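Below are the chains, spelled out letter by letter.
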Amino acid sequence: MENKKFDANSAIGFLLIGAILLWWLYQSSQKEAAAVDTKKTEQVTNGTQSGQNTEESPETANFQTDSISDYKENLEGTFGYSSQKASTQNKVSILENDLLQLKIGNKGGQIVEAKIKKFHSHDSLPIYLVKDGNASFNLTLTTQDGKKVQTKNKYFEPELFNDGKSLSMKLKVSENQYLEYVYTIRPDEYMLDFVIRSQGLKNVVNTSDPAILTWKMKAFSHEKSLSYENRYTEIVYGYEDGKDDYTGQGSEDENEDKEIEFIAFKQHFFTSILLADQPFETGKFISRNLVEDEDIDTLFTKGFTAVVPVASVGGEFNKTMNWYYGPTDHDILTSYDRNLDEIVSLGWGIFQWINQYLILPFFGFLMSFLPAGIAIIFLTISIKLLLSPVQYKQYLSQAKMKVLRPEIDELAKKYKDNPMKKQQETMKLQNKAGASPLAGCLPALLQIPILYALFMVFPAVFDLRNKSFLWVDDLSSFDVIAELPFTIPFYGDHVSLFPILASVAIFFSMRLTTGNNMASSQPQQEGMPDMGKMMKYMMFLSPIFMLFFFNNYPSGLSLYYFISNLITIGIILVIKNYIIDEEKIHAKIEENKKKPKKQGKFARKMAEMMEQAEQQKKAQQRRK
């Protein structure tokens, strides 16, 4: 056997070949790393300029395309140029001022997070109007070959400019052909500018038909009372030169209108609004209730969808709009002079006017230098003083009727077998004495617009949100002094103190105003309901209704009713004991009886009708 000898030349050859392989692998890995770094640099173009940055969204850090076909469409479709250059990971760019922080994702070029910086939820969490995929913004385009393109699935190229206050999101067909979204945030404002425009798409996209803009959102719950918050969560939209409408509170509601000027996804105290400089031609709005059981904690209150067309001009898109993400604050919304104050629920007709031009300005003035609870008390005192002359007239009428009561009872006995004659004589007596039951009713009716206006305004006052008073930690929500281990229908699972105090005050207030005078206005007529008994029932039922109904309403509203009825009790006691003298009233009535009294048209007409009825009754009796 031949012995093998060490071949130095072969060994050197193998070493050289191994070194070459190692060098080639090293160079390949370096090129790959450089390519990745270059791609990342392109994705975050200017992302760190002026304190702004582009970052990976935590909830989409491991984002993958939905399917192989989506991936292929993104790379090879009509707008594949952007996807070839952009990352298939969902990156976000940030626009921010002192009030608002917005994150815009390159997938869809849409806002993926909107944070209101100066407010927090009832459990001290940040206020997000958009987060974790609860909202989507999509433009549906039709290509020249009839394919539908959904922008929410496409990857845009971001570029910050204007010192980081403006962001361009471009979806490209080529370097000079693209669809662009431009966002511009304003200093110290919740309103930002938004433009949809295109360049060179005339021969790519079929622009003879408008693009379809679809905006969807699930409204987060931020407040303590889910059911109460849900009651004021709705779509509000403006249309046709200043008109406005809203979706209902049912399980699902759908509206359509023309000339849409703004769309608001209202979440009681916070609102997301899309506004157009030139109205959208039409609009379709869908609202769905997402609260199945009010006793179970839920993340969302309602789901909203708005669909509007975006028309092209000369084959290109150029739509100027605005976004608003901020408080549903009447003063802030009014300042934009775009009819946005209609988003705040102030009632309708005269009730809205009272709130808009009287209650809100005065209450805002009080809030400028007083704590919220004290401001409510001063507002209540001011309103009661304003209405005190009306209340005086009402009580004076009741006092006159009380003085006449013995004579009315005598007439009732005298004509007990003739109800019509009894009514005629009673009206004659009241007319001669200058006392009328209507004199007590009319002043009460005059108070109703203000009382109802206040009922509407308290839930809408943003400044009451998270304001404390005594044991109440939030005057815009119910106060809690005890949690119940069960739920009482129509009442809830907690006990609120202010509704209890208001109910007690209402009971004594009604007792003073109606107690001994309930049957004084008119004698009981055959076949007619007993008004005295009805008023007695109301005296007991009204406080109970107040107790149940207001247990889940804002404590600020219950505080108002409590203070209001306390003041009413005080005013009535002062009027009764120090102002009205029943002996003088009686003397005045006797004096009036002696004077010839001219009947008014209404009283004369009533007397004529009753006289005719009496004659007809006598004629019928004679025929029998």
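Reading the values: the criteria
- Residues numbered from 1 in each chain as written.
- Predicted model: local features only at pLDDT ≥ 70, side-chain atom pairs only at ≥ 80, totals over all residues.
- Heavy atoms only, no water.
- Helix = DSSP H or I, 4+ residues; strand = E, 2+ residues; numbered from the N terminus.
- Buried < 20%, exposed > 50% of the residue type's maximum accessible area, 1.4 Å probe, protein only.
- Contact = heavy atoms within 4.5 Å.
- Areas by Shrake-Rupley, 256 points an atom, 1.4 Å probe, with all protein chains shown as cover.
- Phe/Tyr/Trp six-rings, centres within 6.5 Å; stacked < 30°, edge-to-face > 60°.
- Lys NZ or Arg CZ within 6 Å of the ring centre and 35° of its normal.
- Axes fitted to C-alpha atoms, helices over the stretch in contact; angles between N-to-C directions.
- Parallel < 35°, antiparallel > 145°, perpendicular 65-115°, else oblique.
- Left-handed = near helix turned anticlockwise from the far one by under 90°.
- Nonpolar A, V, L, I, M, F, W, Y, C, P; charged D, E, K, R; others polar.
- Salt bridge = Lys/Arg side-chain N within 4 Å of Asp/Glu carboxyl O.
- Patch = residues over 30% accessible without salt bridge, like charges linked within 9 Å, V, L, I, M, F, W, Y side chains within 5 Å.
- Lys, Arg positive; Asp, Glu negative; His and termini not counted.
- Charge placed at Lys NZ, Arg CZ, Asp CG, Glu CD.

## Quick word on the overall build of the chain
Of the regular secondary structure elements, the chain holds 14 helices and 20 strands. Within the span of the chain, comprising 624 residues, buried residues form 47% of the whole. The contacts of the chain with a sequence gap of at least 6 include a subset with a gap of at least 24, amounting to 67%. In the structure as shown, the chain presents an accessible area of about 32700 Å², 56% of it carried by carbon and sulfur atoms.

## Here's the deal with the packing of aromatic side chains
Counted according to the given criterion, the structure contains 40 aromatic pairs. Between Phe137 and Trp323, the aromatic rings sit 5.6 Å apart at their centres with planes inclined by 70 degrees, giving edge-to-face as the arrangement. Within this pair, whereas Phe137 is found in strand S6 (residues 135-142), its partner Trp323 is found in strand S18 (residues 318-327), the two being separated by 186 residues in sequence. What makes Phe137 buried here is its relative accessible area of 4%. Consider the rings of Phe458 and Tyr560, whose centres lie 5.8 Å apart with planes at 40 degrees: the pair is tilted. Placement of the pair is Phe458 in the loop between helix H9 (437-457) and strand S19 (482-488) and Tyr560 in helix H12 (residues 555-579), with a sequence separation of 102 residues. Of the residues examined, Phe458 reaches a relative accessible area of 3% and is grouped as buried. Sitting above the plane of the Tyr128 ring, Lys131 keeps its charged end 4.5 Å from the centroid. In this structure, Lys170 packs its charged tip against the face of Tyr178, placed 4.4 Å from the ring centre.

## Things to note about the packing of helix H6 (residues 349-367) against helix H7 (residues 372-414)
It is at 9 Å that the axes of H6 and H7 come closest, and there the two elements cross at 135 degrees. Taken together, the axis directions place H6 and H7 in an arrangement best described as oblique. When you trace H6 past H7, the crossing you get is right-handed. Contacts from Ile359, Phe362, Phe363, Leu366 and Met367 in H6 reach Ala372, Ala375, Ile376, Phe378, Leu379, Ser382 and Ile383 in H7. Of the residues contributing to the contact of H6 with H7, the split by class is 11 nonpolar, one polar and no charged.

## Concerning the environment of Tyr128
By secondary structure assignment, the location of Tyr128 is in strand S5 (residues 126-130). For Tyr128, a relative accessible area of 17% puts it in the buried group. Sequence separation of Tyr128 and His222 is 94 residues, and the distance between their C-alpha atoms is 8.9 Å. In contact with Tyr128, not counting residues within four places along its chain, are Glu113, Ala114, Lys115, Phe220 and His222.

## Re the pattern of salt bridges
The tally for this structure, following the rule as stated, stands at 13 salt bridges. With its nearest N and O atoms 2.7 Å apart, the salt bridge here joins Asp193 to Arg186. Asp193 gets classed as partly exposed once you look at its relative accessible area, which sits at 26%. Note that Lys284 and Glu254 form a salt bridge whose closest N and O atoms lie 3.4 Å from each other. Of this pair, Lys284 sits in strand S16 (residues 270-289) while Glu254 is found in strand S15 (residues 252-267), placing the two residues 30 residues apart along the sequence. Several salt bridges converge on common partners, so that one network encompasses Lys103, Glu113 and Lys131.

## Here we look at a nonpolar patch on the surface
Judged by side-chain polarity, Phe490, Leu541, Ile544 and Phe548 come together as a nonpolar surface patch covering roughly 460 Å² of accessible area. Tracing the backbone through its elements, the reader meets Ile544 in helix H11 (residues 531-549).

## Observations concerning the packing of H7 against H12
The geometry of H7 relative to H12 is characterised by a closest axis approach of 9 Å and an angle of 40 degrees between their N-to-C directions. Judged by the angle between their axes, H7 and H12 are oblique. Helix-helix and strand crossings are classified by hand; for H7 and H12 the assignment is right-handed. In this structure, H7 contributes Gly373, Ile376, Ile377, Thr380, Ile381, Ile383, Lys384, Ser388, Gln391, Tyr392 and Tyr395 to the contact, and H12 contributes Gly556, Leu559, Tyr560, Ile563, Ser564, Ile567, Thr568, Ile571, Ile572, Ile575, Lys576 and Ile579.

## What to know about a positive patch on the surface
Residues Lys152, Lys216, Lys218 and Arg288 make up a contiguous surface patch of positive charge. By secondary structure assignment, the location of Lys216 is in strand S12 (residues 211-220). On the basis of relative accessible area, Lys216 is assigned to the partly exposed category, the value being 40%.

## Here we look at the environment of Thr143
Its place among the elements puts Thr143 in the loop between S6 and strand S7 (148-150). Along the sequence, Thr143 and Leu201 sit 58 residues apart, while their C-alpha atoms lie 9.4 Å from each other.

## Focus: the environment of Asp188
Residue placement: Asp188 occurs in the loop between strand S10 (177-185) and strand S11 (191-199). Sequence separation of Asp188 and Leu100 is 88 residues, and the distance between their C-alpha atoms is 8.3 Å. Here Asp188 is in contact with Asn97, Asp98 and Leu99, once residues within four sequence places are set aside.

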